[in-house]
Each structure stands twice: as C-alpha cells, then as structure tokens.
Amino acid sequence: MARSTRTTMFRFWLWLIALIGVIVPRRLRDDWKQEWEAELQHREHLLDEWDRLAWRTKLDLLLRSVGAFWDALWLQSYRWEDEMIQDLRYGVRMLLKKPGFTITAVLSLAIGIGANSAIFSVVNGVVLRPLPFHEPERLVRLWHDKPQANQHEILIAPDDVIEWRNQAQSFDGIAAYFQTGSVFTGDFEPEQVAGARVSADYFPLLGFQPILGRNFLSEETQPGKDLVLLLSHQLWQRRFGADPAIIGRTITMDHTNSYTVVGVMPPDVSFPGKSEFWKPLDLHIQVRHGMRYLSVIARLKPGATFKQAAAELNLANEGLQQQYPEAYKGSRIEILPLHDSVVGKVRLALMVLLGAVGFVLLIACANVANLLLARAAARQKEIAVRAALGAGRWRLIRQMLTESTLLAALGGACGLLLARWGVQALIALNPPNIPRLNQVSIDGRVLGFTFAVSLLVGLLFGLAPALQLSKPDLNRALKEGGAQAASSGQRFRGNGLRGLLVVAQTALALVLLAGAGLMLKSFVKLRQVELGFDPTHAIELTIAPAFNRFPQGQRTNDYYQQMLDSINTTSGVISSAVVTGAPLGGFLMTSPILIAGRPAPASTDAQPAHVTVISPDYFRVVGTALKQGRFFTEHDGESKPRVAIINEAMARRYFPDGSPIGQRISLISEQDKPFEIVGVVADIKQIGLDKETQPNLYLSFRQYEVGFMNIVARSVGEPSTLIPALRSRIREVDQYAPITRVRTLEEVVSESIAQPRFYTLLLALFAGVAVILAAIGLYGVMSYAVSQRTREIGIRVALGAEPQRILRMIVGQGLLLILMGVAAGLAAAFALTRLISTLLFGVSATDPVTFAVIALTLIVVALAACYLPARRATKVDPMTALRCE
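Parameters at a glance
Residues numbered from 1 in each chain as written. Predicted model: local features only at pLDDT ≥ 70, side-chain atom pairs only at ≥ 80, totals over all residues. Heavy atoms only, no water. Helix = DSSP H or I, 4+ residues; strand = E, 2+ residues; numbered from the N terminus. Buried < 20%, exposed > 50% of the residue type's maximum accessible area, 1.4 Å probe, protein only. Contact = heavy atoms within 4.5 Å. Areas by Shrake-Rupley, 256 points an atom, 1.4 Å probe, with all protein chains shown as cover. Pairing = 2+ DSSP bridges. Patch = residues over 30% accessible without salt bridge, like charges linked within 9 Å, V, L, I, M, F, W, Y side chains within 5 Å. Salt bridge = Lys/Arg side-chain N within 4 Å of Asp/Glu carboxyl O. Polar contact = N/O pair within 3.5 Å; in protein donor to acceptor, adjacent residues only side chain to side chain. Axes fitted to C-alpha atoms, helices over the stretch in contact; angles between N-to-C directions. Parallel < 35°, antiparallel > 145°, perpendicular 65-115°, else oblique. Left-handed = near helix turned anticlockwise from the far one by under 90°. Nonpolar A, V, L, I, M, F, W, Y, C, P; charged D, E, K, R; others polar. Core = buried A, V, L, I, M, F, W, Y, C linked by side-chain atoms within 4.5 Å. Arc of directions from axis to C-beta. Phe/Tyr/Trp six-rings, centres within 6.5 Å; stacked < 30°, edge-to-face > 60°. Lys NZ or Arg CZ within 6 Å of the ring centre and 35° of its normal. pLDDT = per-residue confidence, 0-100.

Can you walk me through the overall build of the protein chain in this structure?
Along the backbone of the protein chain there are 27 helices and 22 strands. For the protein chain, the proportion of its 885 residues judged to be buried stands at 49%. Long-range pairs, those at least 24 residues apart, make up 80% of the contacts in the protein chain with a sequence separation of at least 6. In the structure as shown, the protein chain presents an accessible area of about 42,500 Å², 59% of it carried by carbon and sulfur atoms.

Could you clarify how one ought to interpret the pairing of strand E13 (residues 573-579) in this entry?
For a regular strand, the rule is simple: side chains alternate between the two faces of the sheet. Counted residue by residue, E13 has 6 buried out of 7 residues, so it is predominantly covered. Here 6 bridges tie E13 to strand E21 (residues 710-715), and the two strands are oriented antiparallel to one another. Residue Val579 lies in a different strand from E21, and its bridge partner there is Asn710.

Sorry, what's going on with a nonpolar patch on the surface here?
On the surface, a cluster of nonpolar side chains totalling about 370 Å² of accessible area is made up of Ile111, Leu417, Leu418 and Trp421. If one sorts the elements of the nonpolar patch by residue count, helix H14 (residues 393-429) sits on top with 3 residues.

Looking at this structure, how should I read the side chain of Gln686?
With respect to the helices, strands and loops of the structure, Gln686 is situated in the loop between strand E19 (675-681) and strand E20 (696-700). For Gln686, the side chain forms a polar contact with the main-chain oxygen of Gly581, separated by 3.2 Å.

Would you mind going over the packing of helix H7 (residues 158-167) against helix H10 (residues 306-323) with me for this structure?
Packed helix pairs are characterised by how far apart their axes lie and by the angle those axes make with each other. For the pair H7 and H10, the least separation of the axes is 9 Å and the interaxial angle reads 125°. As far as their axial angle goes, H10 and H7 are oblique. In the crossing of H7 with H10, the sense of the turn from one axis to the other is right-handed. From H7, Asp160, Glu163, Trp164 and Gln167 reach across to H10, where they touch Leu313, Ala316 and Leu320. For the contact of H7 with H10, the per-class residue count stands at 4 nonpolar, 1 polar and 2 charged.

Honestly, the packing of helix H25 (residues 803-832) against helix H26 (residues 848-873) in this entry has me stumped. Any pointers?
Remark: H25 packs on H26, axes separated minimally by 9 Å, with the N-to-C direction vectors making an angle of 155°. Here H25 is positioned roughly antiparallel relative to H26, judged by the angle of their axes. Viewed along their axes, H25 and H26 form a crossing whose handedness is right-handed. Between H25 and H26, the residues in contact are Ile806, Leu807, Ile810, Val811, Gly814, Leu815, Ile818, Leu819, Val822, Leu826, Ala829 and Phe830 and Phe851, Ala855, Leu858, Ile859, Ala862, Leu863, Cys866, Tyr867, Ala870, Arg871 and Ala873, respectively.

I keep staring at unusual backbone geometry and nothing clicks. Help me out?
Note: most residues except glycine have negative phi, and most peptide bonds are trans. Going from Phe271 to Pro272, the amide bond is cis rather than trans, its omega being 5°. When you line up the elements, Pro272 lands in the loop between strand E8 (257-264) and strand E9 (277-280). Within the chain, Ala242 stands out as a residue other than glycine whose phi angle is a positive 55°. Summarising the element assignment, Ala242 is placed in the loop between helix H9 (233-240) and strand E7 (250-253). Although it is not a glycine, His537 adopts a positive phi angle of roughly 60°. Turning to its location among the elements, His537 is positioned in the loop between helix H17 (488-527) and strand E12 (538-543). Overall, His537 belongs to the partly exposed group, its relative accessible area being 36%.

I'm lost on the nonpolar core in this one. Help?
For soluble globular proteins, nonpolar side chains are generally found buried alongside one another. By size, the foremost hydrophobic cluster in this structure holds 75 residues, and its most contacted members are Val126, Phe766 and Ile810. Secondary structure elements with two or more residues in this core: helix H6 (99-128), helix H12 (338-378), H14, H17, helix H23 (754-788), H25 and H26. Residue contributions to this core peak at 15 residues, all from H23. When near neighbours in sequence (up to four residues on either side) are disregarded, Ile810 contacts Met782, Val786, Arg789, Ile793, Ala870 and Ala873.

Could you clarify how one ought to interpret the pattern of salt bridges in this entry?
Opposite charge on two side chains allows them to pair when their charged atoms are near. Inspection of every chain in the model, using the stated rule, returns 21 salt bridges. For Arg714, the salt bridge goes to Asp534, with nearest N and O atoms at 3.9 Å. Of this pair, Arg714 sits in strand E21 while Asp534 sits in the loop between H17 and E12; the two residues are 180 residues apart in sequence, bridging distant segments of the chain. For Asp683, the salt bridge goes to Arg652, with nearest N and O atoms at 3.1 Å.

In this structure, what is going on with helix H22 (residues 745-752)? I would like to understand it.
In an α-helix, one turn spans 3.6 residues, which is why side chains three or four residues apart end up on the same side. Regarding H22, the residues found buried are Leu745, Val748 and Val749. Viewed along the axis of H22, the buried residues span an arc of 95°, placing them on a single side of the element. In this structure, the buried residues of H22 make contact with E12 and strand E22 (739-744).

Explain the packing of aromatic side chains to me, please; I cannot follow it from the model alone.
Two aromatic rings, taken as a pair, are described by how far apart their centres are and by the angle between their planes. All told, the structure shown has 14 aromatic pairs when counted by the stated rule. Where Phe203 meets Trp278, the ring centres are 5.2 Å apart and the plane angle is 85°; that geometry is what we call edge-to-face. With Phe203 in helix H8 (residues 202-206) and Trp278 in strand E9, the pair connects residues that are 75 residues apart, well separated along the chain. Across this residue pair, the class does not change: Phe203 and Trp278 are buried. Following the ring pairs from residue to residue traces out a cluster consisting of Phe133, Tyr177, Tyr202, Phe203, Phe208, Phe271 and Trp278. We note Arg834 situated over the ring of Phe830; from NZ or CZ to the ring centre the distance is 4.5 Å.

When you look at the confidence of the model for the protein chain in this model, what are you seeing that I'm missing?
Close reading of the predicted structure is inappropriate where its pLDDT is low. The share of residues in the protein chain with pLDDT of 70 or more is 82%, and the mean pLDDT across the chain is 81. Across residues 1-11, confidence stays below pLDDT 50; counting only partners more than four residues off in sequence or on other chains, it has 7 contacts. Below pLDDT 50 for its whole length, residues 480-494 participates in 23 contacts with residues either more than four positions away or in separate chains.

Is there a simple way to think about the pairing of strand E14 (residues 589-595) in this case?
Two elements, E14 and strand E15 (residues 608-614), share 4 bridges in a ladder whose sense is antiparallel. Looking at the pairing, Thr590 lines up with His610 of E15. Inspection of the sheet shows E14 paired to strand E18 (residues 664-667) by 3 bridges, in the antiparallel sense. Bridged to Ile593 within E18 is Leu667.

Sorry, what's going on with the environment of Leu460 here?
By secondary structure assignment, the location of Leu460 is in helix H15 (residues 444-469). Placed 91 residues apart in sequence, Leu460 and Ala369 show a C-alpha to C-alpha distance of 8.5 Å. Setting aside residues up to four positions removed in sequence, Leu460 forms contacts with Leu362 and Cys365.

How do you make sense of the environment of His144 when you look at a structure like this?
Of note, His144 is situated in strand E1 (residues 139-146). A sequence separation of 191 residues divides His144 from Ile335, and the C-alpha atoms of the two residues are 9.1 Å apart.

When you look at the side chain of His339 in this model, what are you seeing that I'm missing?
With respect to the secondary-structure elements, His339 resides in helix H12. With relative accessibility at 16%, the residue His339 sits in the buried group. Excluding anything up to four places from it in sequence, His339 contacts Val126, Val127, Arg129, Pro130, Leu131, Gly344, Arg347 and Arg436.

What exactly am I supposed to notice about the environment of Met809 here?
Counting through the fold element by element, Met809 comes out in helix H25. Met809 sits 61 residues away from Ala870 along the chain, and the two C-alpha atoms are 8.2 Å apart. Contacts of Met809, omitting those with residues within four sequence positions, involve Arg789 and Arg796.

Here you go:
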C-alpha cells in the first residue's frame, strides 16, 4: 500500500514536471527534465524516512522541492530572449525589404506622434505641471464678485484683508500684493522695471527664502521703515552683475527715493507676473473704505476645505456689508485654487488643440493600418507556409504586432525630433496671455507620454491586420500564385475593414475641418470689428517720468505739453497727443458718474464709466470720427468751464431719448465740479476686439490733471522709421525719463488678436494635415481595390464597358465611403464643436454655412483622391489583365 502511494506520488511529480516544462525553453527542456527526475528519485527515499527527519531537513526538502518553479521562471529570460530576438530580427528584415512602405508608415506616424508630443509639452508645462511653490495645492486666490452688477474678479481693499485675517480660521496665512513699476536710476542708464508691493508674509506664504539676505520684517511695512527692497535673481544679474555684496547696498529709484537691498530671491521667482523687484506693502494705510486695488492669495490649513473657507470669508463679508452697505452691497467672496486662477483661461484652448492632434494621430494610425492590410494580402503565402510548419495563431499575431511596434517606435523617435522643433517654434511664436510658457520643454513626462503613445499606437494599428493575417486559408494560399489568392471571405473582410478605416478617417478629418472652419470664420469676424481709430501711420510711446523730482508746484500737464511741442517739431510727424489709456492698451480708469437733473443712483456701483484723459488733438491723431458736437480746443483751459466728450456707447446707455450735447455730468468723487458734454465720438476699442465697448468719458488734460500718460503720434510715412528721432526729442525734454515701450498702432492691433490667431493657425494646420492624410488613405484604398479587381475590369472592358462607366463605378464606390464618413463626421462635429463655443466670436458653434462648406470641401478633395485610381482603371488592357491572371 505504501509503495502504491509512493508510485502515485511519483507519477504526480512527473505530471507536475511536464506541466512546468511548458514554460521552459524547448532547447533546455530535455536536460531540465532529466535533472529534476533524478533529484525526485533521490528525494523519494527521503520521503520514506519523513517521520524520522529533523525539522531543518524537512524544511530544506520542501524548499528544494518547490525550487523547480523558480528555476522555470528564471529560465524564461532565455525563452524570451530567443523568441523576442527572433521576432525583432525578422521584423527588421521585413521592414527593410519594403523601404517605401516603411518610410511612408514612419513619416505618417512621426507627424501624428510629433504633433501630439509638441502640444502635450505645452499642456504639461502650462496646465499639468504644479506651480513652483511649496505645497501649491493648498494655495488659493480670493476676490470679490457682484453677480447682480455683472462685476467679477473685483480686487480687494486693505480692510478686507485685515478682517479676513482676524475671522477666517481655515487659513495658515493670507497675503496681499499689487503690481507696480519703478525707474531704476543711480549710476546706470534709467530703466523702467516691473515689480510689486507685497505684504510681509507674502514670500513665507509661497515658501520662498532669499538666496542672499532675508525676507521683509513685519515692522518694515510701516511708513518710514519701508524703504527696503528685494531683487529678483534676473535683475541682480542683469543690472548689478551678480554682485555678492549687494545686501545693504542703497539703490536710487524714481530719481529721488533710496532703497536698501535686503535680499535676492531664487531664479524661479517672478510672481506676480514678471516682477523683478518687491517692496513692502502697508495694509493699514488710510484709504477710503472699499477702495479695492489688492490681489490676495492664501494658504489653506491641512484638512481645510474650500467650502469651509468660503463660508468663513463670506461671514466676515456680511459684517462689512452691514457697516459699509454702499461699498459691499451685493458682493460675495469667491475662492479658487491658485493654479486654476493662473492657467484657467487657456486650459480649454490647449485641451482643444491636444484633442485635435489626437485626431490627427488616429487618422495617421488608420493610414498605417490600411497599408498593413494591403501588405497582408501580399503575405498570404508566407504566413500560410509558417502556419503549415507549426506556427500557432498567437505566434503569428505576436510577429505582426512586433513589426507594427517597430514601426511605431521608429515613428515615435522621429516624432520626438519633430516635437522638439515644434516646441521651439511654439515658444518662438510667443503667443501672448499664455502663462508659464517659459516652463515648456521636452522633459521626462513628455518622453514617457511619447513612449506610451508609441506603444499604444503600435498595438492600435497593428491589431486588426494581425488578427486578419493570422488565419490564412492554407489550401488556397499554398497553391501556385497563392501570394495574391486570398479567399473571397478574407478579401471581403479586408476590403470592408479598409473601408471602415476610410470612413473613420473622413469623419475625424471633417470634425477637425469644422473646428478650424469655425475658428477661421470667428477670426475673420474679429478682424472685421470696427476699431474706432485708424492704426496706419500711428505710433505709441510709453514713458515713465519721475514727477517727484520736479520743482514744487510744477504741473505734470505742463511736462507733457513740452513733450508734445518737441515731438511736433520732428520731421515726418504730422501731430501728436497724450492719453491715459491708448487704444487696445487695456488700462482704463473707472468711476461712477452722476448726471445733472437725475436722482443719484442707490449704489455707487451704478452708472459706471471709463475715464480717459487726453490732449485736444488726440482724436485727430488716432483718427476717431466725431459724431456730434465738437472736439476739445486750445481754449478749453484750466480757467474755462469744464467740458467733456463721451463715446456712442455712453450716449446710448445714459441718454437714449435725446442728445447728450449740453448735458452736465460729474464724477462721483467730484460731485461739485461738473463737466458739460460738448461732443460725441465713435466707440474706440480699448480692452479687446471681442469685448463690448463700455461707456467712456473723455476729459481734457488741461482741465483734469493726472500722472502717467502715453504719447501717440501720426507720421507721414512708416512710423517705425521715426523711433530714433522721437527718442532724441524726448531726451531733450527729460534725459532721465526711460522709454519703456515703443510700438506702432498696427502692432498693437496685431498683438490684440495674437492669441486667437495662434489657436486658429494651429487648428487649421492640424486640420490640413488630417485632410491630406485622409485623402492619402482613400487614394491607397481605392488603388488597392482597383489592383484587386484588375481581372474583373479587364473582362468588363473586353465585353464592351465604356471608360466612363468604369470611372463612375470606381468613383461611386469611393463616394459611398466618403458620404458615410461625412455623415458620421457631421454628427460628431455637431456635438464636439460646442466645446469651443467660448473660443468663438460672432459665430455659432453649429454654424450651418460653415458645416456645409466644410463638408463640400472635403467631398471635393476626397473625390479627387478617388479620381486618380479610377482614371487608371479605365486604361486597363483586357489582354494584359487576363494574361496576368
């Protein structure tokens, strides 16, 4: 009985050896089985003595008994090495055998993968990469909203920050800042530098420490103690030569103020904006309550939620509403992650571009899949021979996928090179209003993305041909001429799959064309917007004078008049003017207004208007039309009655029932000093071409004194040629005034539409590539169909079929595929183009005219791709065709 048990056990081990041996390389299997069987025979004697063995011997026996499993797994490296190297070597030989096919497939994939990697690099650098702060996920931005007044992202008053710090318990800290600029003078050329005033806890909140010196102290925000300065690493290197003894050095700013440098920040610090220096901010400054000019960021405590923090802030805001109802009526506090605040406005556009290049990649995959399907028909005999020699279906599929993966790897490598060039081109274009563009690069995440996409693409376009090719008809394929002798079922499945791929390509191309068409039409409408001024032969100059160095009592308006008098004497200058907010400059002062004879509004937020201060010749210089009344004249001086000019938007809103000429209007801060409206001018686009023009009140600089103003001048010829002469004239009046910006008004208009132009250009480029790839794919399918039907066409011609009938037959087959793809594409475009509705101007996301034009354009291009193979089919010689068969 015992012997029987041992025999059964021994047979069980032999069965286990056979089972494990399946995963051992065949060339090692026999030696491996003999060795383990010998060990089992030796251990069988030990099993008879099991009860008398020590526990250490029992444990050693068990470990050695299961060692075969580990041996078999360890031997897998030999097996994979043999088979993988064999697959790779064979795949390389097959790709080198057909260099035309290989080059075409690799280039198609390189375009798709390269475009995806380039756009992903931008998305990664701008959207996905966290902000360069300590624990950036806990940083938030705070602001006021007044939904009823349609006012959003309103800046914060200093009193609000103090109140929030006292009452909100969900934050580790709340910091405030506002951007500013100063003129660095001293021993160097005067330079206007962008900077910011920040609260003392600003940099500790972000998690930054200076690389030299220290942060601001809390007492340094007080008046008299705030003449200290932090420098950016870039400014320290550029202006001060990276002087290590910069700490404690006194720097003259704005010609008179002296600041002591207390620290230099790390290289990656420039927030907010592109600040290059920072001054301390006093939150306890005495200003009118509700005067809002601060941006606020905060750091949530660990575990605190946005909802909890928002509730605490709005509770504090309710207390302020009760104390100051006019300033806070209808307001609420909004909280948003700082990352979303920085990149939120460009996220949608970048994701649309990423989706667009994804479509391009799918079309490229469909093209390569069609190439592989066509190539598969020519390899029927080869695959049949391999199957007859014992290759299983999985072995054949693995070989085909190895070849497709090799193609994808080559395409990915070339795509990375294209992506590098693409990223450099995108950065060189320098589209405005795209934050963090300097952080865009080909990093590890982009390399991983490209590798993953290449691997996925190899499996995606290689799977269908591999599945089809791995089931050959051995009897038919091994006959003479079997290389072209696919069975009717296989031929039908192959042609059907290729047709489906063409339909998918056409649909994807139409979606991209629809998006590009809508963006292009939107851009054209944007360019057709009435500017309200003439940008030709006009130039804008921005200077930053230091008025605090002028003699006591000297008016800033006298300073600018001297500038204008000097510029007007320049050869080639027709006239010049000054303005607080140049066209499309983005800077506008806003103030509520009061209209004489009408009751005062219940809220100070009612009846707002932009306020622009100009010199008398401003409208003539920029070419703005007068609609009613008159322009300012030299007689509208300081001692004369105060006059004003309004734009048409203000006339429509506040004087809809009559002429505004002669009406009296005043700023709410100067209710006792009204202005008489003497003219109405055309609306000037001040913020952006896509923004609705708001009411604008124009005041003469002779009657309303302000600080900084821009200079605009109109020339006889090309204005850019006058820049050296204009600089010289400005230096004659003030040699210390830095000229911070010089640009023509045509450049201003171009910059204002640069972002939509950038998106439209890229989307149109991707759509064009998609259409070309789809047309190539359709051409390939129709060419292959014609080659398969050569004998049939020859018989038709021999029986008297006219060339026109053959042409209609072939083109009709292609047209059917086209129409199916167009129908599917229109349905998809109707749903997907709604995602870009916020990027459009003056165009519906489902604009029927655009959809119809795009569909007809794609049909025409596709028919052209069908016509060439069809025309070749009409020239088939029936005798040659029948002889070939």
